[in-house]
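Structural description and commentary
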Amino acid sequence: MVKNNLHEKITLYLSLLILSNYLFLNLSFPILIIKINFILFLILVVFFYFKNLNENIYLKIFFLLIILISLGTPTYEWDARSIWLFHGKRIFYDESIFSFADNYASFSHNGYPNLAPAFSSSLAMLVGYWNEIFPKISFTFLFLPPLVFTYSFFKDDKYLIFLSIVFFIIGKYLFNGWTDGLIAIYFCLSAFLMYLLFIKNEKYFKNNFLYYLIAFCFFSSLTLIKNEGTALLLILFTVTLLIKIYKKDLKKDISKLIVLSFSFLPIIFWKFFCYTNGIENDYINNDLLTNLLPRIGEFSNYKLIGYFLLLNEKFIISLIFFSFSFWLKRNKELFNFILFISLIYITVLFFIFLSTPVDFYFQLNSAAARIVKTLSFSLAFFGLYNLCNYKIKY
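All figures in this text were calculated on a predicted structure; none of them were measured in a lab.

Regarding the nonpolar core
Ranked by size, the top nonpolar core spans 139 residues in total, and within it L59, F162, I170, F337, F353 and F377 carry the most contacts. Here this core takes 17 residues from helix 9 (residues 180–199), the largest share from any one element. Sequence-distant contacts of L59, that is, excluding residues within four places in its chain, are made with F48, Y49, L144, L147, V148, Y159 and L163.

Some details on empty space enclosed by the protein
Applying the stated criterion across every chain yields a total of two cavities of 30 Å³ or more. Volume-wise, the largest cavity comes out at about 50 Å³. With three residues, the single largest contributor to the lining of the largest cavity is helix 1 (residues 6–26). Its residues placed into classes, the lining of the largest cavity shows three nonpolar, three polar and three charged. Elements supplying a minimum of two residues to the lining of the second largest cavity: helix 9, helix 18 (332–354) and helix 20 (373–388). Residue composition of the lining of the second largest cavity, by class: six nonpolar, two polar and no charged.

Overview of the layout of surface pockets
Rolled over the atoms, a probe as big as a water molecule pinpoints where empty space is left. The computed volume of the second largest pocket comes to approximately 370 Å³. As for the second largest pocket, its lining consists of 16 residues, and the residues nearest its centre are Y22, L23, N26, P266 and F269. With six residues, helix 1 is the largest single contributor of residues to the lining of the second largest pocket. Its residues placed into classes, the lining of the second largest pocket shows 13 nonpolar, three polar and no charged.

Section: the side chain of N176
Tracing the backbone through its elements, the reader meets N176 in the loop between helix 8 (157–169) and helix 9. Not counting the four nearest positions on each side in its chain, N176 is found in contact with E77, A80 and K136.

Regarding helix 1
Over its 21 residues, helix 1 extends 30 Å from the first C-alpha to the last, a length consistent with the 30 Å expected when each residue adds 1.5 Å. A large share of helix 1 lies buried, amounting to 16 of its 21 residues. Positive phi shows up at S28, right after helix 1, with a value of about 55°.

Re helix 11 (residues 209–225)
With 17 residues, helix 11 ought to run about 24 Å at 1.5 Å a step, and its terminal C-alpha atoms sit 25 Å apart, in line with that. The opening residue of helix 11, the one whose side-chain oxygen lies 3.1 Å from the backbone nitrogen of L210, is N208.

Focus on unusual backbone geometry
Positive phi, normally seen in glycine, also occurs at N103, with a value near 55°. Note on placement: N103 falls in the loop between helix 4 (78–94) and helix 5 (115–127). In this model, K248 sits at a positive phi of 55°, which is unusual for a non-glycine residue. Of note, K248 is situated in the loop between helix 12 (227–246) and helix 13 (254–260).

Regarding the packing of aromatic side chains
Tallied over the full model, the rule gives 51 aromatic pairs. Judged by centre distance (6.4 Å) and plane angle (85°), the rings of F62 and F167 are edge-to-face. In this pair, F62 is assigned in helix 3 (residues 57–71) and F167 in helix 8, connecting sequence segments 105 residues apart. The buried category is assigned to F62, whose relative accessible area is 14%. Geometry around F100 places R90 over its ring, the cationic atom sitting 5.1 Å from the centre. One residue, K314, lies across the ring of F168, its end atom 5.5 Å from the ring centre.

With respect to the packing of helix 16 (residues 299–310) against helix 18
One can describe the packing of helix 16 onto helix 18 by two numbers: an axis separation of 11 Å at closest approach and a directional angle of 120°. Between helix 16 and helix 18, the angle falls in the class oblique. The hand of the helix 16/helix 18 crossing is right-handed. In this structure, helix 16 uses N301, Y302, I305, G306, L309 and L310 to contact helix 18, whose residues at the interface are I346, L349, F350, F353 and L354. In terms of residue class, the contact of helix 16 with helix 18 is made up of nine nonpolar, two polar and no charged.

Conventions and cut-offs
- Residues take numbers from 1 onward in each chain, read along the sequence in its written order.
- At least 70 in pLDDT is required for a residue's local features to be given in this predicted model, at least 80 for side-chain atom pairs to be given and counted, and no such filter applies to totals for whole chains, interfaces and linings, which use all residues.
- Processing note: side-chain calculations cover all non-hydrogen atoms of the structure and skip hydrogens and water entirely.
- Throughout, nonpolar core names a set of buried Ala, Val, Leu, Ile, Met, Phe, Trp, Tyr and Cys residues whose side chains join them through atoms within 4.5 Å.
- Per-residue accessibility, obtained with a 1.4 Å probe over protein chains only, is compared with the maximum for each type, and a residue is labelled buried under 20%, exposed over 50%, and partly exposed between these values.
- We count a stretch as a helix when DSSP gives it H or I for four or more residues in a row; a strand needs E for two or more, and each element gets its number in order from the N terminus.
- Contacts are assigned to residue pairs with any non-hydrogen atoms lying within 4.5 Å of each other.
- Two kinds of site are reported from a 1 Å grid over the protein atoms alone, namely cavities, where a 1.4 Å probe fits but cannot get out, and pockets, open sets with protein on both sides within 12 Å along at least five of seven lines, and residues are called lining when an atom falls within 4 Å of a point.
- Grid points are joined across faces, edges and corners, and a volume is the space filled by probe spheres set on the points.
- Polarity classes work like this: nonpolar for Ala, Val, Leu, Ile, Met, Phe, Trp, Tyr, Cys and Pro, charged for Asp, Glu, Lys and Arg, and polar for all others, with Gly in that last group.
- A helix is expected to span 1.5 Å multiplied by its residue count minus one.
- Under this definition, polar contacts are N or O atom pairs within 3.5 Å; protein pairs additionally need one hydrogen-donor-capable and one acceptor-capable atom, and for neighbouring residues in sequence, both atoms have to be side-chain atoms.
- Only rings of Phe, Tyr and Trp enter the pairing, Trp through its six-membered ring, and a pair is recorded when the two centres are within 6.5 Å. The plane angle decides the type: under 30 degrees is stacked, over 60 is edge-to-face, the rest tilted.
- Charge over a ring is defined by NZ of Lys or CZ of Arg lying within 6 Å of the ring centre and within 35 degrees of the ring normal.
- With axes taken as lines fitted to C-alpha atoms, and helix axes fitted only over the stretch in contact, angles between N-to-C directions fall between 0 and 180 degrees.
- In these notes the angle categories are as follows: under 35 degrees is roughly parallel, over 145 is roughly antiparallel, 65 to 115 is roughly perpendicular, and the rest is oblique.
- Take the far helix as the reference: if the near one is turned anticlockwise from it by less than a right angle, the crossing is left-handed, and if turned clockwise, right-handed.

Encoded structure:
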């Protein structure tokens, strides 16, 4: 692992600029400040590319190609065009995130978090106009902090394998204006940071303040990308707390966990804003039990959810790779951490699908393959991380 901290520092600065952009739009800062913030982000990206041109060349080529693909493809899918980029368009024209208080065009789910749309609106503010293509690259820019951070742990050919996993599992969600790919990567790296800081017994991470700052940024970003980000972060904290309690090791880390839990504050403020302005959540509302109870007793519903979630080909491949990796190198601590997280998240997904307010089959058919990317990517990532520490015995 590289310990000169260059990639960690670039990760932190990029993450802070993304979050500060969201904060500035919340606080109605002057447009000039928002433009300067985005220019600083672009300058830092250029610095990353040219600081040492040959270092991390795989990522530099990969990311440039993804940007070009994003610029060369129109936004035509419903969620990308009518939810995420539509939110960005509203923020661009109204110059504030709080314009959603009127709940205009409620079909676009005005209660969704707006980290990615806010970033796309700031790019449009910098350019001076809006269209349905170039603001989409700001969604791709959001992938950069976790991708840069990962280079500290995977070097050379191992990093190329990591990028192959990213492209295989995330695929078009790297550039099509959806947020499911962002959730998958930010959750995976958030889980990885939680493991390094609180589960893995290595002082370099536990005593490195830089990693706690990156964790705070990733945790906050995770909750502000999409609704399920909050549930995923709650799962991470719950599993970590349970493991620490089981080990009778909670006392020495409880203060750090409490400080990191403040990463929930931005999404709490946003949800409070939505509540006070009558912007409802389509899934968690008064009809939740009405939708859930008729479905919960039918075994065929569980079979259908299992079919769409657990028989997804990328999930199966990731699960096989993960199992093979931990069969070769039996890191029980890491295996249990990921297993508990995965089982809890799968349980939550079953509950969410059983209580969906829309047609049951339609919801599964349209959403399951996207949502399971989070699990697939995490299994493949931790399988690779575990395998990289495996020593072949001759």
